[in-house]
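# Geometric and topological summary
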Amino acid sequence: MTDTSQNPPSKLAELERNVEARSGILKKELGLFDLVLTQIVFVVGTIWVGWAAKLGNHQMMFWLLAILTFYLPLAAVVIYLNRLMPLEGGLYQWAKLAFNDFVAFMVAWNLWIFGILVMSGIGLIIKKNIAYAIGPRAAWMHGNKLITTLICTLLMILMIAASRRGLMLGKWVQNVGGAFLLVTFATLILLPFITASRGTLANYHPFSTAVPEFSTYNLNVFSKLAVGALSGFEYIAILAGECRAPARNISRSVLISAPIIALMFILGTGSVLAFVSPDKVDLIGPIPQVLSLGFSSFGWASMLVSFTIFGVAARQIALMSIYFAGNTRLPMVAGWDNLLPAWFARLHKRYRTPVNSILFVGVVTLAFSLASLIGVEEQEAFQLQDNAATTFYALIYMVLFAIPLVAIKRFGVGAPLWLKVAAVSGFVVSVVAGYFSLIPITRVDNPLGFAVKIIVVVVAANAIGVALYRLRKPPSKIASE
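Everything quoted here is computed from the prediction, not taken from an experiment. (Residues numbered from 1 in each chain as written. Predicted model: local features only at pLDDT ≥ 70, side-chain atom pairs only at ≥ 80, totals over all residues. Heavy atoms only, no water.)

Take the pattern of salt bridges next. Charged atoms that come close allow side chains of opposite charge to pair. If you walk through the whole model with that rule in mind, you get one salt bridge. For aspartate 337, the salt bridge goes to lysine 96, with nearest N and O atoms at 2.7 Å. Of the two residues, aspartate 337 is situated in the loop between helix H12 (302-336) and helix H13 (355-371) and lysine 96 in helix H5 (residues 91-98); the sequence distance between them amounts to 241 residues. The exposure class assigned to aspartate 337 is partly exposed, which follows from its relative accessible area of 27%. (Salt bridge = Lys/Arg side-chain N within 4 Å of Asp/Glu carboxyl O. Helix = DSSP H or I, 4+ residues; strand = E, 2+ residues; numbered from the N terminus. Buried < 20%, exposed > 50% of the residue type's maximum accessible area, 1.4 Å probe, protein only.)

This is the structure:
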């Protein structure tokens, strides 16, 4: 276990020296421009404008509430902690110093499982995008599980092959995906104005300020907007050891991307509601759905829709590249600390990437992708994956926001009042999101069974995590080898 009895500044300095020595051989590929695009790709999920559209004309007020109570507090805490400890592993390293090895391992484990669940749903989203891009001729693809299986398998093979090359290639995948995402959202946001010029738009109120109704359903959606949509700033910190000037550039990337992301979500949701009623929104592919409807009467211009929808698929591939990078680095840094076998920390001789961890993550992600389709419809399978992921993320954020409240002195500093207020707000929203992750927002055949499945997944996953930690080699034995 980490010895927290040492003088905190000395312990921090020792941890920084150890991690920097380990990560010194990693290639520093990510600059400020790469990080800004990566933040946008990672945070701006294309599904969230669909979830927010379920709130109807109350969407803007709930977006603003989520920004004030979670988004800004998260940005504040991540910037503060990253400036103190800009180290490869990010939140894992922060939790290790703030608490101990066990808490750090469980945080990394839950973050790793979260990444697996998110990646396991990306193949399904990409299939939906392709089907919408092709048009009515591909209607048969929407519920076809064989096509989903083929796309998931091909995607994972390509991801493993590309990840072996490292962020030298990965950052270009992410940058291209970010560029496509910006073009796609620009098209989505401008679509109501384009159709209004033809006199075919009847309902567009992106800045509606109607007083929101705080029903159980609306709070459920709000919690998903906060912890699901407006989250992820801490994830990029996992790659701090592969960034140039991480203490400065990661913080600056958050400050630059935050207002852009907020506008993309609010205006994008307004466009969805301009064309689709809340009860008709496709939660898996809301943007392709809207673009298909909006451009359906434009004749030749409909070809642009296909291009834009493929841009959404490109963003999903870029997102998967980011998650894959983070999920392969977490086992690597745990291997550095002997919390996992050294096999996970073994690097490629040329590209300096954790090749064994890459293979392991790829196989596990593919298994989760295919297992989630067994016995349920795709919309329900997607909700199960997404809600379970929210539960894991809520647990992670409870630890993150607890650091400024109960353990910041171990960093050798005191938490200012504004940081504590931000941490309390983020912690409360995380608890609310964890509760509502057990409740689906669309109809499922068995709501109780839905909740039980999520509880079983979360409890079983954490039990496995505890067992892995307990079964690790004792430090004395490791030192003697």
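With that settled, consider the packing of aromatic side chains. All told, the structure shown has 19 aromatic pairs when counted by the stated rule. Ring centres of tryptophan 112 and phenylalanine 360 lie 5.8 Å apart, and the angle between their planes is 20°; on these two criteria the pair is classed as stacked. Placement of tryptophan 112 in helix H6 (residues 101-134) and of phenylalanine 360 in helix H13 is noted, with a sequence separation of 248 residues between them. One aromatic cluster is present, formed by Phe42, Phe70, Phe114, Tyr323, Tyr393, Tyr397 and Phe401 through successive ring pairs. Just above the ring of phenylalanine 102 sits the side chain of arginine 470; from NZ or CZ to the centre is 5.4 Å. (Phe/Tyr/Trp six-rings, centres within 6.5 Å; stacked < 30°, edge-to-face > 60°. Lys NZ or Arg CZ within 6 Å of the ring centre and 35° of its normal.)

This brings us to the confidence of the model for the protein chain. This prediction gives the protein chain a mean pLDDT of 81; 87% of its residues lie at or above 70. Least confident of the elements in the protein chain is helix H17 (residues 475-480), whose mean pLDDT is 38; most confident is helix H15 (residues 417-436), at 94. Segment residues 1-6 is flagged for pLDDT under 50; beyond a separation of four residues in sequence, or across chains, it makes 14 contacts in the model. Ignoring residues within four places in sequence, the model shows residues 475-481, a span with pLDDT below 50, making three contacts including any to other chains. (pLDDT = per-residue confidence, 0-100. Contact = heavy atoms within 4.5 Å.)

Turning our eyes to something else, we now look at the packing of H5 against H6. At their nearest, the axes of H5 and H6 sit 7 Å apart, and the two run at 155° to each other. With respect to H6, the element H5 is oriented roughly antiparallel. In the crossing of H5 with H6, the sense of the turn from one axis to the other is right-handed. Between H5 and H6, the contacting residues are Leu91, Tyr92, Ala95 and Lys96 on the first element and Asp101, Val103, Ala104, Phe105, Val107 and Ala108 on the second. (Axes fitted to C-alpha atoms, helices over the stretch in contact; angles between N-to-C directions. Parallel < 35°, antiparallel > 145°, perpendicular 65-115°, else oblique. Left-handed = near helix turned anticlockwise from the far one by under 90°.)

Side chains of Leu405, Val406, Val424 and Val428 sit close together on the surface and give an oily, nonpolar patch of about 340 Å² of accessible area. Listing elements by their share of the nonpolar patch, those giving two or more residues are helix H14 (378-407) and H15. When you line up the elements, valine 406 lands in helix H14. You can call valine 406 exposed: its relative accessible area is 63%. (Patch = residues over 30% accessible without salt bridge, like charges linked within 9 Å, V, L, I, M, F, W, Y side chains within 5 Å. Areas by Shrake-Rupley, 256 points an atom, 1.4 Å probe, with all protein chains shown as cover.)

Between the first and last C-alpha of H15 there are 29 Å, a value that for 20 residues agrees with the 28 Å anticipated at 1.5 Å per step. For H15, the set of buried residues is Leu419, Ala422, Ala423, Gly426, Val429, Ser430, Ala433, Gly434 and Phe436. One face of H15 carries all of its buried residues, which in axial projection span an arc of 160°. Exposed positions of H15 whose direction lies more than 90 degrees from the buried face are Leu417, Val421 and Tyr435. (Expected span 1.5 Å × (residues − 1). Arc of directions from axis to C-beta.)

Quick look at the environment of arginine 315 now. Along the chain, arginine 315 falls in helix H12. Arginine 315 gets classed as buried once you look at its relative accessible area, which sits at 2%. Taking C-alpha positions, arginine 315 is 9.4 Å from threonine 184, a pair spaced 131 residues apart along the chain. Ignoring anything within four residues of it in the chain, the contact list for arginine 315 reads Val41, Phe42, Val44, Gly45, Thr46, Gly177 and Leu181.

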